[in-house]
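Notes for the structure review
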Amino acid sequence: MREDNGQLTQHSDFIYHLEHHVPVQVYDRDTHIEIGVITRFDSQFVEIADTLFHRRRFRFISRPGY
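The rules we used
Residues numbered from 1 in each chain as written. Predicted model: local features only at pLDDT ≥ 70, side-chain atom pairs only at ≥ 80, totals over all residues. Heavy atoms only, no water. Helix = DSSP H or I, 4+ residues; strand = E, 2+ residues; numbered from the N terminus. Buried < 20%, exposed > 50% of the residue type's maximum accessible area, 1.4 Å probe, protein only. Contact = heavy atoms within 4.5 Å. Pairing = 2+ DSSP bridges. Axes fitted to C-alpha atoms, helices over the stretch in contact; angles between N-to-C directions.

In the nomenclature of an unreviewed UniProt entry, the chain is known as DUF2187 domain-containing protein of Paenibacillus cucumis.

Below you can see the structure in the form of structure tokens.
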């Protein structure tokens, strides 16, 4: 079991989820905001469902099989 509860923190985490179309759940603190597949990202932002999320403000949690 991952100690980080599936949280994406490393650049390689985002690459994996983008390349393999693994769904990601987005949280603003403890509030669920969105769930979807990453369409692109860079060092500051992640795009999911045509919305940009700042990587420092939001938490991204892996949701394989969703």
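A look at the environment of G6
With respect to the helices and strands, the residue G6 is situated in the segment before α1 (11-20). Classification of G6 by relative accessible area gives buried; the value is 9%. Taking the C-alpha atoms as reference points, G6 and F60, 54 residues apart in sequence, are found 8.3 Å from one another. If sequence neighbours within four positions are ignored, G6 has contacts with F60, I61 and S62.

Observations regarding the sheet that holds strand β2 (residues 31-36)
The strand order across the open sheet built from three strands is β2-β1-β6, with neighbouring strands paired in antiparallel fashion. Of all strands in the sheet, those with a lone pairing partner are β2 and β6 (59-62), marking the two edges. Within the sheet, the average angular offset between the axes of one strand and its neighbour, ignoring direction, is 25°. Note that strand β1 (residues 24-28) and β2 share five bridges and pair antiparallel. Note that in β2 the partner of V24 across the bridge is G36.

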